[in-house]
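Residue-level structural notes
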Amino acid sequence: MSLFKEIEQKPLEYLILLFIFIGAVIAYLTFGFDRQEQRWVIYATCGAYFLWMLYHHHHRGDLHLSIIIEYLAFILLAIIITASTLL
Amino acid sequence: MKHLWHLLFVPHERNNYRASIIQTPFIALFIALYLLNQSFIKSLSIIRPGILGYSSEITAQKVYDQTNQKRQSAGLPPLHFNNVLSQSAAAKARDMFANNYWAHNSPQGKSPWDFFKSAGYQYSIAGENLAKDFYDTDSMMNAWMNSPTHKANIINNQYQEIGIGVVNGILNGVKTTLVVQHFGTPLNVAEVKVNTPEEKSYLEDTQVLSDANYQSSPTISPLQISRSVGAAMFIIIIGVLLVDGYLTLKNRNQRLAGSSAGHVGFLVIILFLLFFTGQGSIF
């Protein structure tokens with residue numbers, strides 16, 4: 001499957017992404033009592049994902065504006081949906 | 001219809017070898033649809049207050065019992081139930097409904113201590129815990145115990161008495177149950193009394209007071225609507241990303257696009273966080 005092929009080609013980059021995601025889950029569950037802290041965990045995860053994208057696509061040599069906009073759209077969708085459920 | 005389906009969900013030359021659903025314009029459309037849904041929920045709560053809401057099975061008796069269980073687990077003596085403190089707690093909850101706020105201090109500048117004094121409770125030390133939108137007592141107590149400041153009230157060895165207000169009403173157009181815990185130690189320690197059967201019955205009789213506009217009926221949770229719509233969007237996008245990734249490899253297509261593996265991982269994590277967002281909120 002293409003997803004696994006992508007990961008096989010750049011294992012270290014995807015390992016970094018995995019650490020980002022594991023860190024997000026741990027932090028989110030740790031701050032389970034505080035909605036404001038949970039919001040910051042989501043913003044930090046989105047920020048880290050964006051930075052990872054810059055590194056990953058720069059390394060791949062295809063860091064174009066259309067790709068940056070694509071990631072921003074995914075990140076914005078995630079922020080809007082999660083923030084609205086953390087009232 | 002088949003062409004449209006193909007265009008939306010299957011990568012081929014007409015959609016530049018990337019399913020349209022996961023292209024930026026469609027993600028923007030998902031954002032717009034979600035915001036429209038949120039606007040509809042907000043409008044409904046303004047136009048028809050009480051249509052949406054959070055049901056609750058919380059009672060003052062359960063809150064009282066569980067608070068003392070937590071104290072006993074921490075090696076502390078149980079708190080005595082105090083009618084005056086319960087009146088103070090219920091008055092605070094009714095004030096939040098009447099003035100449409102969710103905070104320790106009211107927009108009119110009333111602090112929690114004003115409610116203690118209005119009820120006629122003279123304290124040497126006092127505290128307040130607030131909770132709303134919880135369905136069950138266990139989840140609410142867990143939320144309080146996971147918060148260092150709320151936990152500090154529950155297992156404070158300086159408190160000797162407690163009053164609990166569990167009040168139903170409409171807050172910001174949404175039906176909900178507000179739970180207020182008022183902790184205190186009277187100025188004159190000799191006033192501390194142990195529970196009597198009369199006090200117990202008061203606790204049971206006043207466990208749920210009602211706002212004048214509140215009518216009990218099945219409620220639709222706005223949070224559940226938002227979560228379900230958000231989760232459905234994520235699941236559709238994740239599914240299409242997986243199919244898109246598989247077909248792209250199978251057909252050996254080359255294209256300029258973001259990492260499907262990255263997007264799937266990101267959306268799965270956000271979906272996980274969405275499901276692990278607990279019910280209700282505390283203050």
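Remember, it's a predicted structure, so these values are computed and weren't measured experimentally.

This part is about the overall build of chain B. The number of helices and strands found in chain B is 10 helices and six strands. By the burial criterion, 39% of the 283 residues in chain B qualify as buried. For chain B, the proportion of contacts with a sequence separation of at least 24, taken over those separated by at least 6, is 80%.

Secondary structure summary: chain A contains four helices and zero strands in total. Secondary structure elements in chain A, listed N-terminal to C-terminal, are α-α-α-α. Taken along the three principal axes of its C-alpha coordinates, chain A extends 40 × 25 × 20 Å. With 87 residues in all, chain A has 30% of them scored as buried. The contacts in chain A between residues at least 6 apart in sequence include a share of 58% that link residues at least 24 apart.

Residues and elements named next belong to chain B. In the predicted model, chain B carries a mean pLDDT of 83, and the fraction of residues at 70 or more is 88%. Strand β5 (residues 209-210) is the least confidently modelled element of chain B, averaging 44 in pLDDT, while helix α4 (residues 83-99) averages 93, the highest of any element. Predicted confidence for residues 192-202 stays below pLDDT 50, and this span has 12 contacts to residues more than four positions away or in other chains. This stretch, residues 208-215, has a pLDDT under 50; its non-local contacts, to residues over four places away or in other chains, come to 17 contacts. Two summary scores accompany this predicted model of the complex, namely pTM at 0.75 and ipTM at 0.91.

This next bit is on the interface of chain B and chain A. Taken together, the contacts link 39 residues of chain B with 39 residues of chain A. Broken down by secondary-structure element, the contributors of at least two residues to the side of chain B that touches chain A are α2 (24-47), α6 (137-146), α9 (222-251) and α10 (260-275) of chain B. With 12 residues, α10(B) is the largest single contributor of residues to the side of chain B that touches chain A.

Once that is clear, we can look at the packing of helix α4 (residues 65-85) of chain A against α10(B). Direction vectors running N to C along α4(A) and α10(B) enclose 5°, while the axes themselves pass 10 Å from each other. Compared by their axis directions, α4(A) and α10(B) come out roughly parallel. Residues Phe74(A), Ala78(A), Ile81(A), Thr82(A) and Thr85(A) of α4(A) touch α10(B), and the partners they reach there are His263(B), Phe266(B), Ile270(B), Leu273(B) and Leu274(B). Across the contact of α4(A) with α10(B), the residue classes tally to seven nonpolar, three polar and no charged.

It is worth spelling out the packing of α9(B) against α10(B) at this point. Residue and element names in this part refer to chain B. With their axes 10 Å apart at the nearest point, α9 and α10 run at an angle of 160° to one another. Considering the angle they form, α9 stands roughly antiparallel to α10. Here α9 runs over α10; the crossing is left-handed. Along its contact with α9, which presents Arg 227, Gly 230, Ala 231, Phe 234, Ile 237, Ile 238, Leu 241, Leu 242, Asp 244 and Gly 245, the element α10 presents Ser 260, His 263, Val 264, Leu 267, Val 268, Ile 270, Leu 271 and Leu 274.

What follows covers the pairing of strand β4 (residues 174-186) of chain B. Residues and elements named next belong to chain B. The buried fraction of β4 is high, at 12 of 13 residues. Here strand β3 (residues 161-171) runs beside β4; their pairing, made up of 11 bridges, is antiparallel. Bridge pairing in β4 places Val 167 opposite Leu 178. Taken together, β3 and the strand that follows it, β4, pair antiparallel across an intervening segment of two residues, in which Asn 172 is found at a positive phi of about 50°.

Moving on, we get to unusual backbone geometry. Residues and elements named next belong to chain B. We note that Tyr 17 has phi near 60°; this positive angle belongs to a residue other than glycine. Tracing the backbone through its elements, the reader meets Tyr 17 in the loop between α1 (2-9) and α2. When the 18 C-beta atoms within 10 Å are taken as the criterion, Tyr 17 is described as partly exposed. Unusually for a residue other than glycine, Asn 172 sits at a positive phi of about 50°. Counting through the fold element by element, Asn 172 comes out in the loop between β3 and β4.

Conventions and cut-offs
- Residues numbered from 1 in each chain as written.
- Chains lettered and ligands numbered in written order.
- Predicted model: local features only at pLDDT ≥ 70, side-chain atom pairs only at ≥ 80, totals over all residues.
- Helix = DSSP H or I, 4+ residues; strand = E, 2+ residues; numbered from the N terminus.
- Buried ≥ 20, exposed ≤ 12 C-beta atoms within 10 Å, placed from the backbone.
- Contact = placed C-beta atoms within 7 Å.
- pLDDT = per-residue confidence, 0-100.
- Axes fitted to C-alpha atoms, helices over the stretch in contact; angles between N-to-C directions.
- Parallel < 35°, antiparallel > 145°, perpendicular 65-115°, else oblique.
- Nonpolar A, V, L, I, M, F, W, Y, C, P; charged D, E, K, R; others polar.
- Left-handed = near helix turned anticlockwise from the far one by under 90°.
- Pairing = 2+ DSSP bridges.

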